[in-house]
Amino acid sequence: MGLANLWQFPYLASVHGGGLFILLYLGCVLLVTLPLMVTEASIGRYARHGIVLAMDSLTRSAKSSRGWMAAGRLSIVAAFLVLSFTAVFGAIALAYVFFGALGRFSGVGQTEATEILAKMVSDPKAYRVFMGWHLFFLVTVLWVSGQGVVGGLERAFRIVVPGTLILLLALFGLAVWYGRIDGAISQILEMHPEDLTWASLSAALFHAFFTLGLGMGVWAVLGAYTAPETQLKRSILAAVLMDTLVAILAGLMIFAMATENSAFDGERGLSLLFISLPVTLAELPASQFVIAAFFVVVVMIVWATALALLEPVVGWFREWTGAPRGRSVALVGLAVWLAGLASLCSFNVWADYRAGGATIFRWLELLTGGLMIPVVAILIALFTGWCLTHNLSKTMLGGAPKLFGTIWFWVMRLVLPLVVAYIGIHYTAVSLINLCDSGSQALWCEPEEDLAPAGQALTINGNTPPLQSENAPEDDNILYHSA
């Protein structure tokens, strides 16, 4: 479960046909997400290693070029970079737990809430405080990872995932009791065919591809850790359906919270999660507890995401160096913290230092989302579809119905590479155009033409209302992999 389920999915469903978008999204999940997740997890389970050594083992078994190992190495770099700036958003959410509990949002409006966010994130004079929250968040992640797979990760997930669902259901019940659930159902679940366009298909493809951590070695390392008797494909299908259910539940909760004076139409990203929602939740009884509980949910989602992203990097480092787990976690954590400072400072002290009109954070996110992750997915699909023998594919997939095997084979060979190539190219092109709209004088820009609306890189379509502070971070800087 990622942040995109909270700050992206509700908006997409509300503007792209409601229930029809959900059906379209599920179709894209079955076409893109599920086959690639099964493939990544099966690779890890077959080799009993992380993605790098697993690809090495498969290339040897298939007697293929060693160049295919680039997919494994690139996925580790992508996981490392995504983790570095995901921790920055975990720091904001962690701070907001305390802000809510201490009543910082009591009686505030949109302007005051924007100033709270801007003072924490974008004020060059207060960046050290932001660094403190960032370090606090990362230390909690590293401490759990250092306890090992069973004593740390498994135990944490057994507590965090059910805890998140229980808190989310409690907040949903509160939204139903005090909010406008009829309006939420109309926005999220009712069919609105007039809102369904070709852009809706693009939005569904993007969300299906980016929402579950594909292309970063996460599913390979989780597959390597599964017990032999685990029903891998069934477990992955359950994870996908649960993620979708959480996204729908979050969307209903968020839109039910909206009042006549605080509608969330057209809002997503930072402005929705850290400005509009705290202002709206502050109107409820026991608002300090409610706001704190909501951001505990956000923290647990980002925390679990960070743990999942850290594991393939730590696993690769241990396999590469032979270092014990504790030392590996400490060294990788230090590198993640240092890399995260580059993103963190991009919002404040380095905000004016831009290359091609973008901050360091924006380029890192564009590099991972627009290039690295799609390239990894394409390489894995082409390798498994064209280089593996039928017998090796069957062995890797395990017991699977013949129909599933046939569909998987052709999806990996033809469909998935083309679809992911479209996603990566479109993601990159729209993001670069959006930089031009922000005033960049880069070579690809044509200043005399208004090529794309601001905010398009965030949501594929639509505009975000600007935050009401010149120092506030811009929503169009926040792409999918802040999730």
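Residues numbered from 1 in each chain as written. Predicted model: local features only at pLDDT ≥ 70, side-chain atom pairs only at ≥ 80, totals over all residues. Heavy atoms only, no water.

## Let's talk about the packing of helix α13 (residues 269–281) against helix α14 (residues 287–321)
Rules: Throughout, an axis means a line fitted to C-alpha atoms (over the contacting stretch in the case of helices), and angles, computed between N-to-C directions, take values from 0 to 180 degrees. By definition, any uninterrupted DSSP run of H or I lasting at least four residues is a helix, any uninterrupted run of E lasting at least two residues is a strand, and each is numbered from the N terminus. With respect to orientation, any angle under 35 degrees is reported as roughly parallel, any angle over 145 as roughly antiparallel, any angle of 65 to 115 as roughly perpendicular, and every other angle as oblique. Helix crossings are classified by the rotation of the near helix relative to the far one: an anticlockwise turn of less than a right angle makes the crossing left-handed, while a clockwise turn makes it right-handed. Throughout, a contact is declared for two residues whenever any of their heavy atoms are within 4.5 Å. Think of it as three bins: nonpolar holds Ala, Val, Leu, Ile, Met, Phe, Trp, Tyr, Cys and Pro, charged holds Asp, Glu, Lys and Arg, and polar takes everything else, Gly as well.
Between α13 and α14, the least distance of the axes is 9 Å, while the angle of their chain directions is 150°. With respect to their mutual orientation, α13 and α14 come out roughly antiparallel. Like other packed secondary-structure pairs, α13 and α14 cross with a definite hand, here right-handed. Where α13 approaches α14, its residues Leu273, Phe274, Leu277, Pro278 and Leu281 are matched on the opposing element by Ser287, Val290, Ile291, Phe294, Phe295 and Val298. Residue composition of the contact of α13 with α14, by class: 10 nonpolar, one polar and no charged.

## A few points about unusual backbone geometry
Going by this rule: Each residue's exposure class comes from its accessible area (1.4 Å probe, protein chains only) as a fraction of the maximum for that residue type: buried when under 20%, exposed when over 50%, partly exposed otherwise.
At Lys63, a residue that is not glycine, the phi angle is positive and equals roughly 55°. Relative to the elements of secondary structure, Lys63 occurs in the loop between α4 (51–62) and α5 (70–101). By relative accessible area, Lys63 is classed as exposed at 77%. One non-glycine residue, Ala286, lies in positive phi territory at about 50°. As for its position among the elements, Ala286 is in the loop between α13 and α14.

## Details of the packing of helix α3 (residues 19–47) against helix α12 (residues 232–257)
Where α3 meets α12, the axes come as close as 10 Å, and the angle between the chain directions of the two elements is 140°. When the axis of α3 is compared with that of α12, the two are oblique. Taken as a pair, α3 and α12 cross one another with a handedness that is right-handed. Side by side, α3 and α12 meet where Ile22, Tyr25, Leu26, Val29, Leu34, Met37, Val38, Ala41, Ser42 and Arg45 of the first sit next to Leu232, Lys233, Ile236, Leu237, Val240, Asp243, Thr244 and Ile248 of the second. Residues belonging to the contact of α3 with α12 are distributed by class as follows: 13 nonpolar, two polar and three charged.

## Considerations on a nonpolar patch on the surface
The condition that has to hold: Each patch is built from salt-bridge-free residues with over 30% relative accessible area, joining like charges within 9 Å and nonpolar side chains (Val, Leu, Ile, Met, Phe, Trp, Tyr) within 5 Å. The protein chains shown are the only cover counted for residues, whose accessible areas, like all others here, come from Shrake-Rupley with a 1.4 Å probe. A pair is scored as a salt bridge if a Lys or Arg side-chain nitrogen falls within 4 Å of a carboxyl oxygen belonging to Asp or Glu.
Side chains of Leu31, Trp386, Trp410, Leu414 and Val415 sit close together on the surface and give an oily, nonpolar patch of about 460 Å² of accessible area. No other element matches helix α18 (residues 402–437), which puts three residues into the nonpolar patch. Assignment of secondary structure puts Leu414 in helix α18. Residue Leu414 is classed as partly exposed on the basis of its relative accessible area, which comes to 42%.

## Some details on the nonpolar core
Generally speaking, a soluble globular protein has its nonpolar side chains buried in company with each other. Our working rule: Joining through side-chain atoms within 4.5 Å is the link that ties buried Ala, Val, Leu, Ile, Met, Phe, Trp, Tyr and Cys residues into a set, and such a set is a nonpolar core.
Counting residues in hydrophobic clusters, the biggest one holds 160 residues, and the most contacted among them are Tyr96, Phe209 and Phe274. Here this core takes 20 residues from α14, the largest share from any one element.

## Quick word on the pattern of salt bridges
Counting across every chain of the model gives four salt bridges. Close ionic contact of Asp56 with Arg60 constitutes a salt bridge, the shortest N to O distance being 3.3 Å. Residue Asp56 and its partner Arg60 are located together in helix α4, separated by four residues, close to a single helical turn. Given a relative accessible area of 54%, Arg60 falls into the exposed group. With a shortest N-O distance of 2.9 Å, Glu154 and Arg158 are connected by a salt bridge. On the criterion of helical spacing, the pair formed by Glu154 and Arg158 is a turn pair, its members being four residues apart in helix α8 (residues 149–178). Relative accessible area serves as the criterion here: at 60%, Arg158 is assigned to the exposed category.

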